[in-house]
Protein chains: 2
Amino acid sequence: MITYSIIKSSKCLVFFRFSCNFAHIMAIGIKITPPENLSLRDPQASKLGCRIIKNSIILIDELGFEAFTFKKLAKEIGSTEASVYRYFENKHQLLLYLLAWYWQWVNFLIDINTMNVECAKRRMDIIVETLVDAKRENPSIDYVNETILHRIIIAEGSKAYHTKMVDQENTAGLFQNLKDLNQKVADTILECNPEFSFPNALASTLFEMANNQLFFAEHLPKLTNICIKDGDYRELKEMMSMFVHSIIGTKVV
Amino acid sequence: MITYSIIKSSKCLVFFRFSCNFAHIMAIGIKITPPENLSLRDPQASKLGCRIIKNSIILIDELGFEAFTFKKLAKEIGSTEASVYRYFENKHQLLLYLLAWYWQWVNFLIDINTMNVECAKRRMDIIVETLVDAKRENPSIDYVNETILHRIIIAEGSKAYHTKMVDQENTAGLFQNLKDLNQKVADTILECNPEFSFPNALASTLFEMANNQLFFAEHLPKLTNICIKDGDYRELKEMMSMFVHSIIGTKVV
DNA sequence: TCATTGCGATAGTATTACTATCAAATTAAA
DNA sequence: TTTAATTTGATAGTAATACTATCGCAATGA
């Protein structure tokens, strides 16, 4: 369950005064809390912890997950390796933490983006848009750059579960946020067509598809027909929307 | 271009005598040749090279790619780390070699499985089946266990391109076999519906989907509706077939 | 103000990911 | 069949990684 809370800040209040359009209400904030066993202590509860989060996102994006080390991170934030290890057991746990954050964040974005949208087909399209382009920033948390985090998800996301510890980690609940997100999308698919037999499989395919096609468009263009220029993701959104509605045989109400 | 050749061996000739059904002609062999720059020297040209291939497949499957090292491999085959390094620059290159092998192998399997099948829709279904269940073994090469290799592809395949060197490696042609395979599937999609706009994107989605759904079925069942028991992949094949034909709007001729 | 906790500093270990060298063994060429 | 070239095994060594352990100071909170 996600809890919503209004964050107070002068900047946000200004936005409130100028617009009632959801897309501009920057004052809606959310406290994201990855599972407790994804860190040795809550990084959001201390300054060092927040610096670890913030700079690990930047550094993983910059170096790639393989070349990223706690030593380099410590140097970057002017701390020590040992201090970083007090927050996370290892870099894999840190990656899982960031992913859990992201999954929860997308879940929240879907909630606010689909709020008050009656038509299930339209909600499905909004979900696709959100998966492809989860770029809205959370104004209440300045130590997470959602745009860079999204790049990490695209490039490194699948490494979260492609390990020998998957089963163990899954049992420990470390993928709960991903499963919640999957279920939310699956439920919307079922609303489009209650007879559809594979809602969860389609939902997970959509996640992977969004990330992979973005990755291919940039790095292996022969594997896609999508072209992304100037941050315009419309082509991918339209393709995915077309795929989804073809598969589930959405009937427009 | 793949070259086909008949391999002679007593075992294979026996099969020849008993059956003319393609599924049982085990005497069709294929020499698979990954790009030259995927190894420092051709491992298939020496005994040690073949032992490296054979046992790296077994060991990666056993330990997972992260825990797999050349030292452990050397110990396994009774050789030395330095000797393994004479064949492959590092374990990432070895993984790429194995994947290139696999992609070429699946390409070949699609060729023989769809041989003489006129109907494009039927060929598409055979492609889906082959992607999901590339389990036929190549009798002419005993140092590659295709079944175990398939497990590696499912568990580690995406790590091939999720690195900071993708662009460089792609320029060097290391993903050519994957792109060829993708193009073959894309061409068949276009045969089903010449108007279809996203053949390559759908093809790459099918590859990822086959592997991911198999992985989820085993490790993260909440992310799929597919259930695999006793090696029966029919449910996945049927789901994917349904997805494909819904998307491309196949017309049965 | 006293106890706890967090942090920085330093040290140390086993493993990883290589590179280099040399001699013995094997293979290919003459 | 001898010679030359190549391939391997054996050993050594290095820089980096992935940690673990200890200590004392500083901030915090009860």
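Please refer to the structure placed before this passage.
Residues numbered from 1 in each chain as written. Chains lettered and ligands numbered in written order. Predicted model: local features only at pLDDT ≥ 70, side-chain atom pairs only at ≥ 80, totals over all residues.

Concerning the overall build of chain A
1) Next: Counting its regular elements, chain A contains 11 helices and 2 strands.
2) Next: What you see in chain A, going N to C, is helices and strands ordered as β-α-β-α-α-α-α-α-α-α-α-α-α.
3) Next: Here chain A holds 253 residues, and the buried ones make up 43% of them.
4) Next: Restricting the contact set of chain A to residue pairs at least 6 apart, pairs at least 24 apart contribute 62%. (Helix = DSSP H or I, 4+ residues; strand = E, 2+ residues; numbered from the N terminus. Buried ≥ 20, exposed ≤ 12 C-beta atoms within 10 Å, placed from the backbone. Contact = placed C-beta atoms within 7 Å.)

What to know about the interface of chain A and chain B
1) Next: Tallying the contact residues gives 40 residues for chain A and 40 residues for chain B.
2) Next: Every element with two or more residues in the side of chain A that touches chain B is listed here: helix H7 (146–156), helix H8 (166–171), helix H9 (176–192), helix H10 (199–219) and helix H11 (234–248) of chain A.
3) Next: No other element matches the 11 residues that H10 of chain A contributes to the side of chain A that touches chain B.
4) Next: Its residues placed into classes, the side of chain A that touches chain B shows 16 nonpolar, 16 polar and 8 charged. (Nonpolar A, V, L, I, M, F, W, Y, C, P; charged D, E, K, R; others polar.)

Observations regarding the protein's contact with DNA strand D
1) Next: Near DNA strand D lie 14 residues; those nearest to it are Ala82 and Asn90 of chain A together with Leu48, Ser79 and Ser83 of chain B.
2) Next: Where the surface near DNA strand D is concerned, the elements lending two or more residues are helix H4 (81–85) of chain A together with helix H4 (81–85) of chain B.
3) Next: Broken down by element, the surface near DNA strand D gets its largest block of residues, 3 residues, from H4 of chain A. (Near = placed C-beta within 6 Å.)

What to know about the protein's contact with DNA strand C
1) Next: Around DNA strand C, the structure places 15 residues, and the nearest of them are Leu48, Ser79 and Ser83 of chain A together with Ala82 and Asn90 of chain B.
2) Next: Going through the elements one at a time, helix H2 (47–63) and H4 of chain A together with H4 of chain B are the ones with two or more residues in the surface near DNA strand C.
3) Next: If one sorts the elements of the surface near DNA strand C by residue count, H4 of chain B sits on top with 3 residues.
4) Next: The class makeup of the residues in the surface near DNA strand C is 4 nonpolar, 6 polar and 5 charged.

Focus on H7 of chain A
1) Next: Within the sequence span of H7 of chain A, burial applies to Leu149, His150, Ile152, Ile153, Ala155 and Glu156 of chain A.
2) Next: Those residues of H7 of chain A hidden inside the fold are in contact with H2, helix H5 (91–114) and H10 of chain A.

Things to note about unusual backbone geometry
1) Next: Residue asparagine 116 of chain A is not a glycine yet carries a positive backbone phi of 65°.
2) Next: The topology assignment puts asparagine 116 of chain A in the loop between H5 and helix H6 (120–132).
3) Next: A tally of 6 C-beta atoms within 10 Å means that asparagine 116 of chain A is categorised as exposed.
4) Next: With a phi close to 55°, aspartate 230 of chain B is a non-glycine residue in the positive phi region.
5) Next: For aspartate 230 of chain B, the location among the structural elements is in the loop between helix H10 (199–219) and helix H11 (234–248).

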